[in-house]
Amino acid sequence: MITPHSWLAQNPHVKTIRVAAADLNGQARGKRMSARYADKVEHEGTRFPLSVLNLDIWGEDIEDSPLVFESGDQDGVLLPTERGFVPMPWLQGAPTALLPMWMFHEDGRPFDGDPRQALARVLDRYKAKGLTPVVATELEFYLIDDSSRQLRVPRSPRSGKRRPGAETLALRALDAFDIFFSELYEACEAMDIPADTAISEAGLGQFEINLVYSPDALKAADDAWLFKLLVKGLARKHGFAASFMAKPYDDYAGNGMHTHFSMLDESGDNIFDDGSTAGTDMMRHAIAGCLHAIPDSTILFAPHGNSYDRLVPGAHAPTRICWGYDNRTAAVRVPGGSHKARRIEHRVSGGDVNPHLMIAAILGAALIGMEDEMTAPPPITGNAYAQTLPEMPGDWGTAIDTFAASPLMKRIFPDEMIRNLTLTKRQELRDWTELTPEEQVELYLDTV
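Residues numbered from 1 in each chain as written. Predicted model: local features only at pLDDT ≥ 70, side-chain atom pairs only at ≥ 80, totals over all residues. Heavy atoms only, no water.

Engineer: Go over helix α6 (residues 217-237), please, and point to the residues and values.
Structural biologist: With 21 residues, α6 should cover 30 Å at 1.5 Å per step; its first-to-last C-alpha distance of 30 Å lies within 8% of that length. When you tally the buried positions in α6, you get 18 out of 21 residues, the bulk of the element. For α6, the side-chain oxygen to backbone nitrogen distance between the N-cap and leucine 218 is 3.1 Å, and the N-cap itself is aspartate 216. Taken from the residues just after α6, glycine 239 is the one with a positive phi, measuring 95°. (Helix = DSSP H or I, 4+ residues; strand = E, 2+ residues; numbered from the N terminus. Expected span 1.5 Å × (residues − 1). Buried < 20%, exposed > 50% of the residue type's maximum accessible area, 1.4 Å probe, protein only. Polar contact = N/O pair within 3.5 Å; in protein donor to acceptor, adjacent residues only side chain to side chain.)

Laid out in structure tokens, this is it:
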């Protein structure tokens, strides 16, 4: 293990550090300090109010939260995660490193309002059953010139021209931003983010990068969180914006964050693999759990007002609660390929999610499906949009209320998490309705 002293000795150019944890919206909340204090913060952590992980999207206190005035706005203790320091190559000032943290109470108990702790709770339940989820994510984002009121694709650093339209799987669309992507991959390597394939997507200036499978779902969530920080920061360094906003353009596809997972037993065997294309009964139980939980957990897959503009029929995002083999119109898909890699793809989430809460919801639902031996409906074939099937909540307010009242969510998340998230989203919904459409886009464009 690299200690802070040895890490700094290997990186003497680093002069400042950041310490940060993810709040409920996935926003990095933390502090800046001199690198001379790296050893102290690594071993002792740091402190800030528990309520800081329960701010709204504007960074404001939740007015009726018991974490603020009712409790005296008590401090929590932030301790480093397993990752240790990572560079922040998007900054142009003094060389800087980030130390990801998570929140605990003074007596050492995990803080139930911390999204990372919520995922850890779910994984502890898997561990008790001798199971290990293997998780990968696919993240879509737009590169956008937002220097005027009209959002446009940025000029290519190579040609100085703007691409006139969307180009699905076009190498020239990738090559137009080769300098950006080369720097992005170099930064991912330095930050230990397992970035794999990049493609151009269906939207104007839209791209997708896959993060490869990890048998550590906490690391997979951390990777996705850090990747979003990196892409947004690096884009600004290059003079444009990168947006994971669910639907930045009315006329183009939204941004998704698809999650793939398989399941290993204590022998390292994939319990979803039966040697055929069908998969095991255990896989179908997990699928049933995922489908059953979609209405109650939609707020975690579509957490913002703009999220629901993506969830419309025929827009490359699922709206019907169903599953199928190699069917991208379904909410849950079983991809083709080798039976040894039999896995489940959950396709509901937008790019604007908090990865820790999203993965906790998916894995928690799959576990309930396996524990309860739930029966999945028959897999669909053909176009899910054209079929009469159950639908997920179609608006933000309904999704919030469904989550808040759900007995199922209480089997996945602690009461404090459910309360905090519900209060946060209701405050955001109230204030969001007062914004103009232009202000709504400006709020989310490179925030989420």
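Engineer: Describe the packing of aromatic side chains, with residues and values.
Structural biologist: In this structure the tally under the stated criterion is 16 aromatic pairs. Seen in terms of ring centroids, phenylalanine 177 and phenylalanine 207 are 6.2 Å apart; in terms of plane orientation they differ by 75°. Their pairing is edge-to-face. Of this pair, phenylalanine 177 sits in the loop between α4 (171-175) and α5 (178-191) while phenylalanine 207 sits in strand β9 (residues 206-214), and the two are 30 residues apart along the sequence. Residue classification places phenylalanine 177 among the buried residues on the basis of a relative accessible area of 2%. Note on phenylalanine 181 and phenylalanine 207: the rings are 5.0 Å apart at their centroids and 65° apart in plane angle, and the pair reads as edge-to-face. On the criterion of sequence distance, the pair formed by phenylalanine 181 in helix α5 and phenylalanine 207 in strand β9 is long-range, its members being 26 residues apart. Since its relative accessible area comes to 6%, phenylalanine 181 is described here as buried. (Phe/Tyr/Trp six-rings, centres within 6.5 Å; stacked < 30°, edge-to-face > 60°.)

Engineer: Any details on the UniProt feature "domain: GS beta-grasp" (unreviewed entry) in the protein? Residues and values, ideally.
Structural biologist: The residues that UniProt annotates with the feature "domain: GS beta-grasp" (unreviewed entry) are residues 12-108. For residues 12-108, the helix share is 7%, the strand share is 36%, and the end-to-end C-alpha distance is 33 Å. (UniProt positions renumbered as here; feature names shortened; annotations may be inferred.)

Engineer: Outline the pattern of salt bridges, listing residues and values.
Structural biologist: As enumerated under the stated definition, the model contains 32 salt bridges in all. Where aspartate 145 meets arginine 152, a salt bridge forms, and the shortest distance between an N and an O atom there is 3.9 Å. A relative accessible area of 13% means that aspartate 145 is categorised as buried. A relative accessible area of 28% places arginine 152 in the partly exposed class. Overlapping salt bridges bring together Arg125, Lys129, Glu371, Asp372 and Arg411 as one network. (Salt bridge = Lys/Arg side-chain N within 4 Å of Asp/Glu carboxyl O.)

Engineer: Give a detailed account of the nonpolar core, specifying residues and quantitative values.
Structural biologist: Residues Phe180, Leu184, Phe227, Phe261, Leu363 and Phe413 are the most contacted members of the largest nonpolar core, which totals 118 residues. The leading source of residues in this core is α6, at 13 residues. When residues of this core are assigned to domains, at least three fall in each of domain 1 (7-109) and domain 2 (122-447). Those residues in contact with leucine 363 that lie beyond four places of it in its chain are Leu119, Val122, Leu123, Tyr126, Pro133, Val135, Ala217 and Phe261. The next biggest cluster of nonpolar side chains, apart from the first, holds 21 residues, and it includes Ala21, Val41, Leu53 and Leu67. (Core = buried A, V, L, I, M, F, W, Y, C linked by side-chain atoms within 4.5 Å. Domains from an automatic or database assignment. Contact = heavy atoms within 4.5 Å.)

Engineer: Go over the environment of methionine 245 with me, naming the residues and quoting the values.
Structural biologist: In this fold, methionine 245 is placed in the loop between β10 (241-243) and β11 (257-264). Contacts of methionine 245, omitting those with residues within four sequence positions, involve Asn255, Asn306, Val441, Tyr444, Leu445 and Val448.

Engineer: Mind laying out the state of the cysteines, listing which residues take part and the relevant values?
Structural biologist: Summed over the entire model, instances satisfying the criterion amount to zero disulfides. Looking at the unpaired cysteine 290, the closest cysteine sulfur is the one in cysteine 322, lying at 13 Å. Using a relative accessible area of 2% as the deciding quantity, one classes cysteine 290 as buried. (Disulfide = S-S within 2.5 Å.)

Engineer: Break down the domain arrangement of the protein for me, citing the residues and quoting the values.
Structural biologist: Taken domain by domain, the protein comprises domain 1 (7-109) and domain 2 (122-447). Relative placement of domain 1 and domain 2: their C-alpha centres are 25 Å apart. Facing the 31 residues of domain 1 at the interface are 36 residues of domain 2. For the pairing of domain 1 and domain 2, the buried interface totals around 2800 Å² over both sides, and the portion due to carbon and sulfur atoms is 62%. Three residues, Leu24, Arg83 and Trp90, lead the burial of domain 1 against domain 2; their summed loss comes to 26% of the area buried on that side. Linking domain 1 with domain 2 are two salt bridges. Here arginine 83 makes a salt bridge to aspartate 223, at a shortest N to O gap of 2.5 Å. Counting across the interface, domain 1 meets domain 2 through 17 residue pairs in polar contact (both at pLDDT 80 or more). Elements represented by at least two residues in the side of domain 1 that touches domain 2 include exactly β1 (16-22), β5 (86-87) and β6 (96-104). Tallying contributions element by element places β1 first for the side of domain 1 that touches domain 2, with three residues. (Buried area = accessible area lost by both parts, 1.4 Å probe.)

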